[in-house]
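Reading the structure
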Amino acid sequence: MKTFLTAILALWLAAPASATTAALVRTYQPFAWTSIYIEPVTCYAWNAQTYLGDALRYISAKNIPPNFAKEPGGDINLASTSHLFFDNDYGSEKPLTLFMKADEFVITEGYSREDIVKACLECVRRLLPAKYLKTPLTFSASPENKDWMTKIVDEFNQHDRSKVFFGAEP
């Protein structure tokens, strides 16, 4: 019994050290309506890591808005429906890198592939703190998408990120 109580006490004392922190994270997502709109979105991060990293990852989160329809609505986030994912290595010893994973990219019907990627990169641009505005973005893509995406990523990396890259001024 004494061993059991000691084990329970040890687990109780260790619990705060292993607890995760939940947080609200503001990101941007490209919405597929009649045209592409880039809107701020607040997400709930169950296991918040770094604010910038979470915000970048949530660009690609599904967005199924609540509605009163009898059937559930679909995902309106173009990053999600096109299978584009974003991340960074914030917190590592190296300088910050931004990364877009487009290996499984598919075109969301009704939108041009170029506009989808540019809208997603505009979401990245809006998230970046001033000290990271010049941080280059790298990416991976399937062979059939590599050439045309390289042109857009190069354009994004050379663009003055204090100015809008795609769409209207927020």
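This text goes with the structure placed above it.
Structural notes, computed from the coordinates. Computed from a prediction, not measured in an experiment: that's the story for all the values here.

Definitions and limits used
The numbering scheme is per chain: residues are counted from 1 as the chain's sequence reads. Predicted model: local features are reported for residues with pLDDT of at least 70 only, side-chain atom pairs are reported and counted for 80 or more only, and whole-chain, interface and lining totals are derived from all residues. As a convention, hydrogens and water are excluded, and side-chain values are obtained from all of the structure's heavy atoms. Each helix is a run of DSSP H or I of at least 4 residues and each strand a run of E of at least 2, with the numbering of both proceeding from the N terminus. Two residues form a contact once any of their heavy atoms are found within 4.5 Å. Where accessible areas are quoted, they stem from the Shrake-Rupley method and a 1.4 Å probe; at the residue level, only the protein chains shown are allowed to cover. Note that a disulfide, as used here, is simply two cysteine sulfur atoms within 2.5 Å. Any carboxyl oxygen of Asp or Glu within 4 Å of a side-chain nitrogen of Lys or Arg constitutes a salt bridge here. Exposure classes here rest on a 1.4 Å probe applied to the protein chains alone. A residue is buried below 20% of its type maximum, exposed above 50%, and partly exposed in between. Helix axes are fitted to C-alpha atoms over the stretch in contact, other axes to C-alpha atoms as well, and angles between N-to-C directions run from 0 to 180 degrees. Roughly parallel covers angles under 35 degrees, roughly antiparallel covers those over 145, roughly perpendicular covers 65 to 115, and oblique covers all other angles. A crossing counts as left-handed when the near helix is turned anticlockwise from the far one by less than a right angle, and as right-handed when that turn is clockwise. Classes in brief: Ala, Val, Leu, Ile, Met, Phe, Trp, Tyr, Cys and Pro nonpolar; Asp, Glu, Lys and Arg charged; the others, Gly included, polar. A helix is expected to reach a length of 1.5 Å times the quantity of its residues less one. Bend, in this description, refers to the angle at a residue between axes fitted to the seven residues ending there and the seven starting there. Strand pairing is defined by DSSP finding a minimum of two bridges between the two strands. The criterion for an aromatic pair is that two Phe, Tyr or Trp rings (for Trp, the six-membered ring) have centres within 6.5 Å, with stacked assigned to planes under 30 degrees apart, edge-to-face to planes over 60 apart and tilted to the rest. Two conditions define a charge sitting above a ring: the NZ of Lys or the CZ of Arg must be within 6 Å of the ring centre, and it must be within 35 degrees of the ring normal. Throughout this description, the term nonpolar core refers to a set of buried Ala, Val, Leu, Ile, Met, Phe, Trp, Tyr and Cys residues connected via side-chain atoms within 4.5 Å.

Of regular secondary structure, the protein chain possesses five helices and five strands. When the helices and strands of the protein chain are read in sequence order from the N terminus, they spell out α-β-β-α-α-β-β-α-β-α. Here the contacts in the protein chain between residues at least 6 apart in sequence split such that 60% fall between residues at least 24 apart. For the protein chain, the exposed surface amounts to about 10500 Å²; the carbon and sulfur share of it is 59%.

With that settled, the discussion passes to the state of the cysteines. Summed over all chains, the structure comprises zero disulfides. Considering cysteine sulfurs only, Cys123 is the nearest to Cys120, which forms no disulfide, with 5.9 Å between them.

This part takes up the pattern of salt bridges. Overall, the coordinates contain seven salt bridges when judged by the stated rule. Between Arg57 and Asp87 there is a salt bridge, and its shortest N-O distance comes to 2.6 Å. Here Arg57 is found in helix α2 (residues 51-57), whereas its partner Asp87 is found in strand β3 (residues 85-88), with 30 residues between them in sequence. Taking the relative accessible area as the measure of exposure, Asp87 reaches 29% and is therefore partly exposed. One salt bridge connects Glu114 with Arg113, and the closest N-O pair in it is separated by 3.0 Å. The class of Glu114 is partly exposed, set by a relative accessible area of 31%. Given the relative accessible area of 30%, Arg113 is considered partly exposed. Through salt bridges with shared partners, one network takes in Asp54, Arg57 and Asp87.

A word on the packing of helix α4 (residues 113-127) against helix α5 (residues 143-158). Where α4 meets α5, the axes come as close as 11 Å, and the angle between the chain directions of the two elements is 30°. By the angle class used here, α4 and α5 are roughly parallel. Of the two possible hands of crossing, α4 and α5 adopt the one that is right-handed. Touching Arg113, Glu114, Val117, Lys118, Leu121, Val124 and Arg125 of α4 are Trp148, Met149, Ile152, Glu155 and Phe156, all from α5. Residues of the contact of α4 with α5, tallied by class, amount to seven nonpolar, no polar and five charged.

Taking 1.5 Å of rise per residue, 16 residues should cover 22 Å, and α5 covers 23 Å from first to last C-alpha, within 8% of that figure. For α5, the principal kink sits at Met149 and spans about 35°. Close packing links the buried residues of α5 with β4 (98-102), α4 and β5 (137-141).

Here the focus is the sheet that holds β3. The three strands are arranged β3-β4-β5 in an open sheet whose pairing can be described as mixed. Since the sheet does not close on itself, it has two edges, and those belong to β3 and β5, each with one partner. For this sheet, the mean inter-axis angle between neighbouring strands, taken without regard to orientation, is 20°. In this structure, β4 lies alongside β5, joined through five bridges in parallel fashion.

Applying the stated rule across the entire model yields five aromatic pairs. Ring-pair connections join several aromatic residues into one group, and the members of that group are Phe31, Trp33 and Tyr37. It is Lys146 that lies over the ring of Phe139; its NZ or CZ is 4.6 Å from the centre.

Moving on, we come to the nonpolar core. Counting 39 residues, the largest nonpolar core has Leu84, Phe86, Met100, Val117, Leu121 and Met149 as its most contacted members. Ranked by residues supplied to this core, first place goes to α4 with eight residues. Ignoring anything within four residues of it in the chain, the contact list for Val117 reads Leu84, Met100, Phe105, Trp148, Met149 and Ile152.

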